[in-house]
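Listed below are the residues making up each chain.
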Amino acid sequence: MANKIIEVRIKYDQKGQPKEIAVLWQANSLGFVRATYANTTKTTGFISFSSSTEITNDLFQQIAAFGMYIPGAAREKYFPGQQWDNGMQV
């Protein structure tokens, strides 16, 4: 996996453990910017992680490739201030 990670947002629970990770990334082969996320809830077909998972660049790459797509207005929640055009950052 060789996606260009642009920005990462990590949300933590009350115990200070990671509960959700959102990744803004660019697919090197296509040049499109996408936003995907993963959390600690197991969802069929998508990557999830446990609160004890080590936070690494490899994890960010996995979330970029196998995370859940962040749709429409929800992208603003994760990456405020970005300008989006048809699902892609401009």
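Check the entry above for the structure.
Keep in mind it's a predicted model, so treat the numbers as computed, not measured.

Participant: Would you explain the nonpolar core in this entry?
Facilitator: Note that soluble globular proteins tend to have their nonpolar side chains buried in a common cluster. Formed by Ile21, Val23, Trp25, Ala27, Ala38, Ile47, Phe49, Leu59, Phe60, Ile63 and Ala64, the largest nonpolar core amounts to 11 residues. Of all the secondary structure elements, the ones that give two or more residues to this core are strand E2 (18-26) and helix H1 (57-66). By residue number, the principal contributor to this core is H1, which donates 4 residues. Excluding its chain neighbours within four sequence positions, the residues that come into contact with Val23 are Ile5, Glu7, Val8, Arg34, Ala35, Thr36, Phe60, Ile63, Ala64 and Phe79. If you look at the next biggest cluster of nonpolar residues, it comprises 9 residues, including Leu24, Ile70, Tyr78 and Phe79.

Participant: Explain the packing of aromatic side chains to me, please; I cannot follow it from the model alone.
Facilitator: One pair of aromatic rings is described through two measures. These are the centre distance and the angle between the planes. In the structure shown here, the tally under the stated rule is 1 aromatic pair. Judged by centre distance (5.7 Å) and plane angle (25°), the ring pair of Tyr37 and Tyr78 falls under stacked. Here Tyr37, found in strand E3 (residues 33-39), pairs with Tyr78, found in helix H2 (residues 74-78); they are 41 residues apart in sequence, far enough to count as distant. On the basis of relative accessibility, which here comes to 17%, the residue Tyr37 falls in the buried class.

Participant: How do you make sense of the environment of Tyr69 when you look at a structure like this?
Facilitator: One can find Tyr69 in strand E4 (residues 68-69). A relative accessible area of 40% means that Tyr69 is categorised as partly exposed. Spatially, the C-alpha atom of Tyr69 lies 16 Å from that of Ile10, the residues being 59 residues apart in sequence. Among the polar contacts made by the side chain of Tyr69, one reaches the side chain of Arg75 at a distance of 3.0 Å.

Participant: Just to check I follow, could you spell out the pattern of salt bridges for this structure?
Facilitator: It is possible for side chains bearing opposite charge to pair when their charged atoms get close. Taken as a whole and assessed by the stated rule, the structure comprises 2 salt bridges. With a shortest N-O distance of 2.6 Å, Glu7 and Arg9 are connected by a salt bridge. Accessibility expressed as a relative area gives 35% for Arg9, which makes it partly exposed.

Calculation rules
Residues numbered from 1 in each chain as written. Predicted model: local features only at pLDDT ≥ 70, side-chain atom pairs only at ≥ 80, totals over all residues. Heavy atoms only, no water. Core = buried A, V, L, I, M, F, W, Y, C linked by side-chain atoms within 4.5 Å. Buried < 20%, exposed > 50% of the residue type's maximum accessible area, 1.4 Å probe, protein only. Helix = DSSP H or I, 4+ residues; strand = E, 2+ residues; numbered from the N terminus. Contact = heavy atoms within 4.5 Å. Phe/Tyr/Trp six-rings, centres within 6.5 Å; stacked < 30°, edge-to-face > 60°. Polar contact = N/O pair within 3.5 Å; in protein donor to acceptor, adjacent residues only side chain to side chain. Salt bridge = Lys/Arg side-chain N within 4 Å of Asp/Glu carboxyl O.

Shape is all these values report; function is a separate question.
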